Structures are given as C-alpha cells and as structure tokens.
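# Geometric and topological summary
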Amino acid sequence: MIVQSLAFYLFAAVTLASGVMVISARNPVHSVLFLILAFFNSAGLFVLLGAEFLAMILVVVYVGAVAVLFLFVVMMLDINFAELRQGFMTYLPVGALVGLILVVELLLVVGGWAVHPTAAMMSGAPTAPGSLTNTEAIGQVLYTRYFYLFQAAGLILLVAMVGAIVLTLRHREVRRQSIGRQVSRRAGDTLEVKDVPTGSGI
Amino acid sequence: MADFWSGYALPTAIIVAQILAIVLPLLLAVAYLTYAERKVIASMQMRRGPNVVGPFGLLQPIADGVKLLFKETIIPAGANRVVFVAAPMITFTLSLVAWAVIPFGEGIVLADINVGILYLFAISSLGVYGVVMAGWASNSKYPFLGALRSAAQMVSYEVSIGFVMVTVLLCVGSLNLSDIVNAQRTIWFAVPLLPMFVIFFISALAETNRAPFDLPESESELVAGYFSEYSSMTFALFFLGEYANMILMSASTTILFLGGWLPPLDIAPFNWIPGPIWFGAKIALVLFGFLWVRATFPRYRYDQLMRLGWKVFLPFTLFWLMVTAGVLVAFDWLPK
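Small disclaimer: the values here were computed from a predicted structure and weren't measured. Residue numbering note: each chain is counted from 1, following its sequence as written. Naming scheme: in the order in which they are written, chains are lettered from A and ligands are numbered from 1. Residues qualify for local features only when their pLDDT is at least 70, as the model is predicted, and side-chain atom pairs are given and counted only at 80 or more; totals for whole chains, interfaces and linings, by contrast, use all residues. Remark: hydrogens and water are excluded; side-chain values derive from all non-hydrogen atoms of the structure.

What follows deals with the overall build of chain B. For the purposes of this entry, the term helix denotes a DSSP run of H or I that reaches at least four residues, the term strand denotes a run of E that reaches at least two, and both are numbered from the N terminus. Scanning chain B from terminus to terminus reveals 12 helices and 0 strands. Ordered by position from N to C terminus, the α and β elements of chain B give α-α-α-α-α-α-α-α-α-α-α-α. A radius of gyration in this sense is built from C-alpha atoms; the matching globule rule multiplies 2.2 Å by the number of residues raised to 0.38. Relative to the compact-globule value of 20 Å for 336 residues, chain B shows a C-alpha radius of gyration of 21 Å, a close match. C-alpha atoms of chain B, sized along the principal axes, occupy 65 × 60 × 45 Å. Three labels apply to residues, based on accessible area from a 1.4 Å probe with only protein chains included: buried if under 20% of the type maximum, exposed if over 50%, partly exposed otherwise in between. Taken over 336 residues, chain B has a buried fraction of 50%. The contact criterion used throughout is that any non-hydrogen atoms of two residues lie within 4.5 Å. Counted over contacts in chain B with a minimum sequence separation of 6, partners at least 24 positions apart contribute 76%. For every accessible area listed, the method is Shrake-Rupley and the probe measures 1.4 Å; residues are considered covered only by the protein chains on display. Summed over its atoms, the accessible surface of chain B is roughly 15600 Å², and 72% of this surface lies on carbon and sulfur atoms. The average position of the 18 basic charges and that of the 18 acidic charges among the side chains of chain B differ by 10 Å. Counting rule for charge: Lys and Arg are taken as positive, Asp and Glu as negative, and neither His nor the chain ends is counted. Every charge is mapped to an atom, namely NZ of Lys, CZ of Arg, CG of Asp or CD of Glu.

Bringing the overall build of chain A into the picture now. Helix and strand content of chain A: 9 helices and 0 strands. Moving toward the C terminus, one meets the helices and strands of chain A in the order α-α-α-α-α-α-α-α-α. For chain A, buried positions account for 17% of its 202 residues. Here chain A has roughly 16200 Å² of accessible surface; of this, 71% comes from carbon and sulfur atoms.

Here the focus is the packing of helix 3 (residues 52-75) of chain A against helix 5 (residues 141-172) of chain B. Two packed helices can be described by the angle between their axes and the distance between those axes. In contact at an axis separation of 11 Å, helix 3 of chain A and helix 5 of chain B are set at 155° when each is read in the N-to-C sense. Of the possible angle classes, the one that applies to helix 3 of chain A and helix 5 of chain B is roughly antiparallel. The two elements helix 3 of chain A and helix 5 of chain B meet at a crossing, and its hand is left-handed. The residues of helix 5 of chain B that touch helix 3 of chain A, namely those facing A:G64, A:V68, A:F72 and A:M75, are B:F144, B:L148, B:A151, B:A152, B:V155 and B:E158. Three categories are distinguished: nonpolar for Ala, Val, Leu, Ile, Met, Phe, Trp, Tyr, Cys and Pro, charged for Asp, Glu, Lys and Arg, and polar for the others, with Gly belonging to the last. Among the residues making up the contact of helix 3 of chain A with helix 5 of chain B, the classes are represented as 8 nonpolar, 1 polar and 1 charged. Only the stretch in contact is used when fitting a helix axis, every axis being a line fitted to C-alpha atoms; angles between N-to-C directions are given from 0 to 180 degrees. Relative orientations are named as follows: roughly parallel for angles under 35 degrees, roughly antiparallel for angles over 145 degrees, roughly perpendicular for angles from 65 to 115 degrees, and oblique for any other angle. Crossings are assigned a handedness: left-handed for a near helix turned anticlockwise from the far helix by less than a right angle, right-handed for a clockwise turn.

A few words on the nonpolar core. Across soluble globular proteins, you tend to see nonpolar side chains buried next to one another. Residue and element names in this part refer to chain B. Joining through side-chain atoms within 4.5 Å is the link that ties buried Ala, Val, Leu, Ile, Met, Phe, Trp, Tyr and Cys residues into a set, and such a set is a nonpolar core. Formed by 111 residues in total, the largest nonpolar core has its most connected members in Y129, I180 and F257. The element best represented in this core is helix 4 (residues 116-137), accounting for 16 residues. Not counting residues up to four positions away in its chain, the partners in contact with F257 are V164, V168, Q184, W188, F189, A190, L193, M196, F197 and F200.

What follows concerns the packing of helix 5 of chain B against helix 12 (residues 302-330) of chain B. Residue and element names in this part refer to chain B. Relative orientation of the contacting elements helix 5 and helix 12 amounts to 10°, with a least axis distance of 9 Å. Considered as vectors, helix 5 and helix 12 are oriented roughly parallel to each other. Judged by the sense of rotation from one axis to the other, the crossing of helix 5 with helix 12 is left-handed. Of the residues that constitute the contact of helix 5 with helix 12, the class distribution is 19 nonpolar, 7 polar and 1 charged.

For the rest of this paragraph, the subject is a nonpolar patch on the surface. A cluster of nonpolar residues, A:L155, A:L158, A:M161, A:V162, A:I165, A:V166 and A:L169, forms a patch on the protein surface that exposes about 680 Å² of accessible area. One can find A:L169 in the loop between helix 7 (147-168) and helix 8 (179-184). Here, patches come from residues exposed beyond 30% relative accessible area and free of salt bridges, joined within 9 Å for like charges and within 5 Å for nonpolar side chains (Val, Leu, Ile, Met, Phe, Trp, Tyr). We define a salt bridge as a contact between a side-chain nitrogen of Lys or Arg and a carboxyl oxygen of Asp or Glu at a distance within 4 Å.

Attention now moves to the domain arrangement of chain A. Domain start and end points were adopted from an automatic or database domain assignment. Under the domain assignment used here, chain A contains domain 1 (1-81), domain 2 (90-120) and domain 3 (132-170). A separation of 23 Å is found between the C-alpha centroids of domain 1 of chain A and domain 3 of chain A.

As a further point, take the environment of B:M89. Residue and element names in this part refer to chain B. With respect to the helices and strands, the residue M89 is situated in helix 3 (residues 81-97). The class of M89 is partly exposed, set by a relative accessible area of 44%. C-alpha separation for the pair M89 and P11, spaced 78 residues apart in sequence, amounts to 27 Å.

So, on to the pattern of salt bridges. Residues and elements named next belong to chain B. Throughout the structure, instances matching the rule amount to 6 salt bridges over all chains. The residue R185 makes a salt bridge to E106 at a minimum N-O spacing of 3.1 Å. Taken as a pair, R185 in the loop between helix 6 (177-182) and helix 7 (194-207) and E106 in the loop between helix 3 and helix 4 lie far apart in primary sequence, 79 residues in all. The network of salt bridges with common partners includes E37, R210 and R294.

Moving on, we get to the packing of aromatic side chains. To pair, rings of Phe, Tyr and Trp, with the six-membered ring standing in for Trp, must have centres within 6.5 Å; the planes then decide the type, stacked if under 30 degrees apart, edge-to-face if over 60, and tilted in the middle. Under the criterion given, the structure shown has 26 aromatic pairs over all chains. Grouping aromatic residues by their ring pairs yields a cluster made of B:F84, B:Y226, B:F227, B:Y230, B:F235, B:F238, B:F239 and B:Y243.

pLDDT is a residue-level measure of predictor confidence that goes from 0 to 100. On average, residues of chain B carry a pLDDT of 86, and 99% of them reach 70 or more. For this predicted complex, the interface score ipTM comes out at 0.80, while the overall pTM is 0.83.

The subject of this paragraph is the side chain of B:Q184. Residue and element names in this part refer to chain B. One can find Q184 in the loop between helix 6 and helix 7. Counting of polar contacts relies on pairs of N or O atoms within 3.5 Å, with two restrictions inside protein: one atom must be capable of donating a hydrogen and the other of accepting it, and residues adjacent in sequence are counted only when both atoms are side-chain atoms. At a separation of 3.3 Å, a polar atom in the side chain of Q184 contacts the main-chain amide nitrogen of F189. For Q184, the contacting residues outside a window of four places in its chain are F189, I255, L256, F257, L258, G259 and L262.

With 27 residues of chain A at the contact, the number on the chain B side is 27 residues. By convention, the term buried area covers the 1.4 Å-probe accessible surface removed from two parts as they join, with the contributions of both added. Taken together, both faces of the contact between chain A and chain B bury some 2300 Å²; the carbon and sulfur share is 77%. At the boundary of chain A and chain B, one finds 0 salt bridges. Those elements giving two or more residues to the side of chain A that touches chain B turn out to be helix 1 (2-24), helix 2 (28-49) and helix 3 of chain A. Tallying contributions element by element places helix 3 of chain A first for the side of chain A that touches chain B, with 13 residues. Tallied by class, residues from the side of chain A that touches chain B come to 20 nonpolar, 6 polar and 1 charged.

Before going further, it helps to spend a moment on the confidence of the model for chain A. Confidence in the prediction of chain A, expressed as mean pLDDT, is 83, and 88% of residues score 70 or more. Here helix 5 (residues 119-122) of chain A stands out as the least confident element of chain A, with mean pLDDT 65; helix 7 of chain A is the most confident, with 92.

Shown next, in the form of structure tokens:
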C-alpha cells in the first residue's frame, strides 16, 4: 500500500505543480508542455484508480492528438516577450478584481453544497472485481444504457468538424494534381510528330 | 526488516532485472540493425558495405557508438537549452517503455496488461513530441520545418493505424496482446486481413519517418531535418530511438498480423523451435522489408504523402472495418 500512496502523491503533486506552471510560465510553448505533463500525470492517477482504459484514452486523445495540434499552433506564434510584460501592471487591477469575484462565487457555491441523501443509490452497481475488465464494463453501459447520449455526443463532434471545415475551406485557384488525368493521358494527346523538311521551318 | 526485504526490495530487484533483460538485447539489436541496414542496402546497390572494423565489419556499430560518445555536445546559442536537451531523452525513453507490454513468448512478458494494444498506440502517439520539441528548441529554420512535417505526418498516419488496430480487435475480442497472438492459432490475421496488413506496414513506415516517407529529415532539402543542430550523444539518442521504434513497429506488425511467437504450422519441425526465436525471426523479416523499401523507392512528395494518408488510407480502412464487422456479424463469427 505504501508504494501506491507514494505513487499517488507523486502523480498528484506533479499534476498540481505543472497545472500552476501552465498559467505562470512566461513562454507559451513551455505552458503547453506543462499542460501535457499534467495530462500525463492525470493518466497515472487513473491507472492507480484501476481505470486503465480511461488512462490510455486520456493519453491517446488529449496528449497524442489535441495537445500536438495545440503545440503546433503555439510554436508558430511570434511573440514579443518584452511587450507581454509591459501590459502586466496595467491589467493587474482588472485581472485581480475578476479573480476575486470568481473566488467569492466559487466559495458561495461550494459552501452551500450538500449531497442529496439518495444520490448514493443512484450510482450504478460496480462490476464485481475480476468478473469483467473495465474496457468491457464501459462498453456494456455505453452501448446499452447510454446509447442515445453516446450517439448524440458523436453527432455534436461531427457538427463541430463540419463547422471547422466550412470555416477554413476556400476554393482558391490552386494547381492540384489529378492522378487519374495524369495516368489516363496518352502520348497522342500531347505529342505530335512532324516531319520537318530541310531548309524550311514548320 | 525481513518484511521489507521480501515485500519491496526483492520484487523491485526482479523487475529491474527483467527490464535489463529486455533493454540490453534491444540496444544490441538496434546497433546491429544499423549494421544490417548498411549491409543490405550495400548488397542491393552492389557495394561491399562496412567491412573494415572487425571481421566482416561486425564491430562497425560499436566503433560508431564510441565515436559519438567521445564527441562534444554542442548546444546552439539561440536554442532553448532545457527543451533542446530533453527532446532526445523523450524520444529515446518512449521508444524503450513501449517494450514493457510486448509478449516475446507464451507468458514471457514484463507487464501483461488488459489494455496492451491501447498502451502501444498511446506510446507511439507520444513519439511526435520528441521531434516537435527538438525542431522548436533548435531555433533554426530547417529543424523547425522538419518538425512541422513530422508532426503533421505522424498525426495523419496514426488515424489509419488506429482503424487497422480496431479491425484486428474486432476479430480478437480483447485488447491484451497475448490474447491477440493466441487468437491467431488457426490462421494468422495477415491472410484474412491482407489489405489491412499492407496498410499497417505502409503506415508504420510513415510513423517511423522511414523512406519513402522520410520527409522530416530529407537531406536534399532540409539538411538533416529536425536533428540538424544535434551532435554527439544527443544525436545518438535520436538515432537509437528511431531504430528502436522501427523494431517496435515491426514487433507490433508481427503481433497483430504474423502470429507473434506462434510457429507457421503447428507440426513437428516447426514447434520444436521456441516461441521467442520465431518472434525474433518474424521481426527480422519485417525489418528487412523496411530496409528493402528504403533501397528501392524514391521519396514521396509531401502533398502526395498527405493525400495518401487522408484520401486513400483513411476511407479505405474505415470501409474495410465496416466490411469486417459486417462479415463477423453475418456469419456469427464474433469472438465470445
């Protein structure tokens, strides 16, 4: 058990520390790298909980796909760090005010939070240990009980994808390669052999 | 104290010994893969290849390693030092940790986890970070261009690799790598899923930045791509990581499609040979394919590479996934 607790505190501490670094790092690329570290350590926490499927999906989706594209964009930004620091003092009062209001609101919400007495009964029965792997367990609820919600989530993602394509698709005059046309082209279509008589041009 | 010894120290020592038993042969294999590559390509081009250091040039990889070790590590003035040094370490570490779940034989595996194939997929999707960080931290044009190419290429081909893996999983009904091998006792998946096997092999070439998809490091346009600014051991770590990744992708191809440690036919002369040797032989066969392709094909153009990934492989793998699922349901062949 000691090893598990040590691992938990290690993952949790690194997650928190890198979370803080995400917002405090000067360089945005460093921020994204710390964000990736935070994702990675949360995956470690999932493994400790015994949710290895969720841990792997977290790494594949967030670290392997989302954060790569994020890093891709941030790397290409041309940022002047001196200019960034200039604005800091002017925006500090407004930023501090917004932060303060948020903290007060959060305290009000969390302070009045009470768990409903029947909430514990609403949660689904956990699978008996050893009877199912958690991949199968998730599959069984996802494709039966939550089937419509699952499909709706897929549809929402599809709409987002179509939206992104619509926003970026422009029909500019770009020379595109048409492999079919290239392959079907015969010598007769483009070449003409002429017999040039000596002493006169064509 | 005895409790501490049997409870913690002994298991830790055993695990460390197991890790060393995997990593040391792996590094040796990486060294001799570079030798094999030079010899194979030399033969295909009717040259001799390395033949000076040691008998048949067999000590050449060792000499190369020692040379790199003794060189000076140069960090460019404009580079982001921490990220610059971390990038090769990440590449190298990621290429080693994936081996934890690879089964070398019946029950010979370091961590026999339930989500083995997802773990492999997750680790291989992380490989892009070493490249991207190296390209960005070098603070130089060509490495940056190489890193951008590599990131786009690896993300694109991962999609089709994912669909190929899902198709295999449909036929197995488990994410455990040992179960995937055992499901191929009657027939290797390379036979019924031949198109997926071919696509997986081609995507593996793209995923490991190998010829003909080695655009991230194409020497004729980008010097050496993302590791142009690297020297000595930092370069060597990239090199080792890349070759270890090639062996890893060959191992995944073997496990998914060529029956892992299983002999081709379960009859007398074949099943005398132990499983790990079959596994190694199949990996070597796939690796020979990698080298053969490099010696044979010219480099792809970048837009053609993207077209192949998104407009050919992605629709085709999706279609074949549907066909496989349909056949399995129609004939009631779904694994229980």
